[in-house]
Amino acid sequence: MSRFHVVIPARYASTRLPGKPLLDIHGKAMILHVVDRAKECEAETITVATDDERILDVAAASGVEVVMTSGSHHSGTDRLAEVVSLREWDDEDIIINLQGDEPLMPPAILRQVAINLDRHAEASIATLCTSVDSFEKMQNPNAVKVVMDQAGYALYFSRAPIPWYRDGFSGDEQWMPSMTGCFRHLGLYAYRAGFLRRYSEWVPAPLEQCESLEQLRALWKGEKIHVDVAAEIPPPGIDTREDLEQVIQLIGG
């Protein structure tokens, strides 16, 4: 397959957990645990992309490749685009976006999303999904849903329950549509470097702003996104102090 790189966007600012990438997990900063997961997927390079000197210092002191990026990026994808420009990667190189608050991300699905993009030459992006197993999750706007065509290319992403099963969801008895399946999007992406260069030049799309889903900018521009069912479901990232305590217990001393 094409060579692939892992880029880990890491911002210091966080509304609920300021300094989140540097939070201590068994004597090591969270960002370094994320780097360890990236090392296990056999990427050609691993780069931490940050806008904060404190994160840069911690990563560099551990021998991790780190680049300083602009503090004005609207999304992690825009930050990745700057890294692609700074590193001068080839247009066909594959870039995995691994969030800096995912210390339990399974390395197997990092490889899976890279292989998925490599196998689908028409796609600019590859991502993963998992089956929705309850009507309550289908209705939850924080669980982003995705519908695909018969070849696995994304037709649309939404916070709304899609596909809407007319004969099942509208009555008193609610069940899931077995003829198509319902899928929740997992926010793990692989991009072609050339796509990221194009993406950085586009303004946010109306659908993207409406749903607050940046992948809709790519669909708005006619780019193809291939979606595969995840071989392993990743644990949630760290957004709260409670999440942090749970991860500390799961990782162990």
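Residues numbered from 1 in each chain as written. Predicted model: local features only at pLDDT ≥ 70, side-chain atom pairs only at ≥ 80, totals over all residues. Heavy atoms only, no water.

A. Spatial organisation of the overall build of the protein. Counting secondary structure elements, the protein contains 10 helices and 11 strands. Here the protein has a C-alpha radius of gyration of 18 Å; the compact-globule value for 253 residues is 18 Å, and the two agree. Expressed as lengths along the three principal axes of its C-alpha atoms, the size of the protein is roughly 60 × 40 × 30 Å. For the protein, the proportion of its 253 residues judged to be buried stands at 51%. With the model as given, the accessible surface of the protein reaches about 12100 Å², and the carbon-plus-sulfur share is 47%. (Helix = DSSP H or I, 4+ residues; strand = E, 2+ residues; numbered from the N terminus. Rg over C-alpha atoms; globule rule 2.2 N^0.38 Å. Buried < 20%, exposed > 50% of the residue type's maximum accessible area, 1.4 Å probe, protein only. Areas by Shrake-Rupley, 256 points an atom, 1.4 Å probe, with all protein chains shown as cover.)

B. Layout of the nonpolar core. In terms of nonpolar packing, the biggest core is built from 36 residues, with Phe4, Val6, Ile8, Val48, Ile96, Leu98 and Leu188 touching the most fellow members. Going through the elements one at a time, strand S1 (4-10), helix H1 (30-39), strand S4 (45-50), helix H2 (53-61), strand S6 (94-97), helix H4 (107-119), strand S7 (125-131) and strand S10 (183-192) are the ones with two or more residues in this core. Those residues in contact with Ile8 that lie beyond four places of it in its chain are Ile31, Val34, Val35, Ala38, Ile46, Thr47, Val48, Ala49, Leu98, Gln99 and Gly100. Within the second largest apolar cluster, 28 residues are counted, among which are Leu80, Val83, Phe157 and Leu196. (Core = buried A, V, L, I, M, F, W, Y, C linked by side-chain atoms within 4.5 Å. Contact = heavy atoms within 4.5 Å.)

C. Region of the structure containing H1. Within H1, eight of the 10 residues are buried, which leaves the element mostly enclosed by the surrounding structure. For H1, every residue scored as buried is listed here: Met30, Ile31, Leu32, His33, Val34, Val35, Arg37 and Ala38.

D. The arrangement of empty space enclosed by the protein in detail. Tallying each qualifying case throughout the model produces one cavity of 30 Å³ or more. In this model, the largest cavity occupies a volume close to 40 Å³. What lines the largest cavity is simply Thr77, Ile125, Tyr191, Phe195, Tyr199, Glu214, Gln215 and Ala218. Elements represented by at least two residues in the lining of the largest cavity include exactly helix H7 (193-199) and helix H9 (215-220). (1 Å grid on protein atoms, 1.4 Å probe; cavity = no way out; pocket = protein on both sides within 12 Å on 5 of 7 lines; lining within 4 Å. Points joined across faces, edges and corners; volume = space filled by probe spheres on them.)

E. Geometry of the pattern of salt bridges. Summed over the entire model, instances satisfying the criterion amount to 14 salt bridges. With its nearest N and O atoms 3.1 Å apart, the salt bridge here joins Glu40 to Arg37. A single network of salt bridges, built from pairs that share partners, joins Arg11, Asp51 and Arg79. (Salt bridge = Lys/Arg side-chain N within 4 Å of Asp/Glu carboxyl O.)

F. Expanded view of the packing of aromatic side chains. Tallied over the entire structure, the rule returns five aromatic pairs. Between Lys224 and the ring centre of Tyr153, over which it is positioned, the NZ or CZ distance is 5.0 Å. (Phe/Tyr/Trp six-rings, centres within 6.5 Å; stacked < 30°, edge-to-face > 60°. Lys NZ or Arg CZ within 6 Å of the ring centre and 35° of its normal.)

G. Spotlight on the pairing of S10. By the criterion of burial, S10 is predominantly enclosed, with eight of the 10 residues buried. As judged from the four bridges shared by S6 and S10, these two strands associate in the antiparallel manner. Across the sheet, Asn97 pairs through a bridge with Tyr189, a residue of S10. Where S7 meets S10, seven bridges bridge the pair, whose relative direction is antiparallel. Of the residues in S10, the one forming a bridge with Thr127 is Tyr189. Bridge count for strand S8 (residues 145-148) against S10 is two bridges, and the pairing is antiparallel. (Pairing = 2+ DSSP bridges.)

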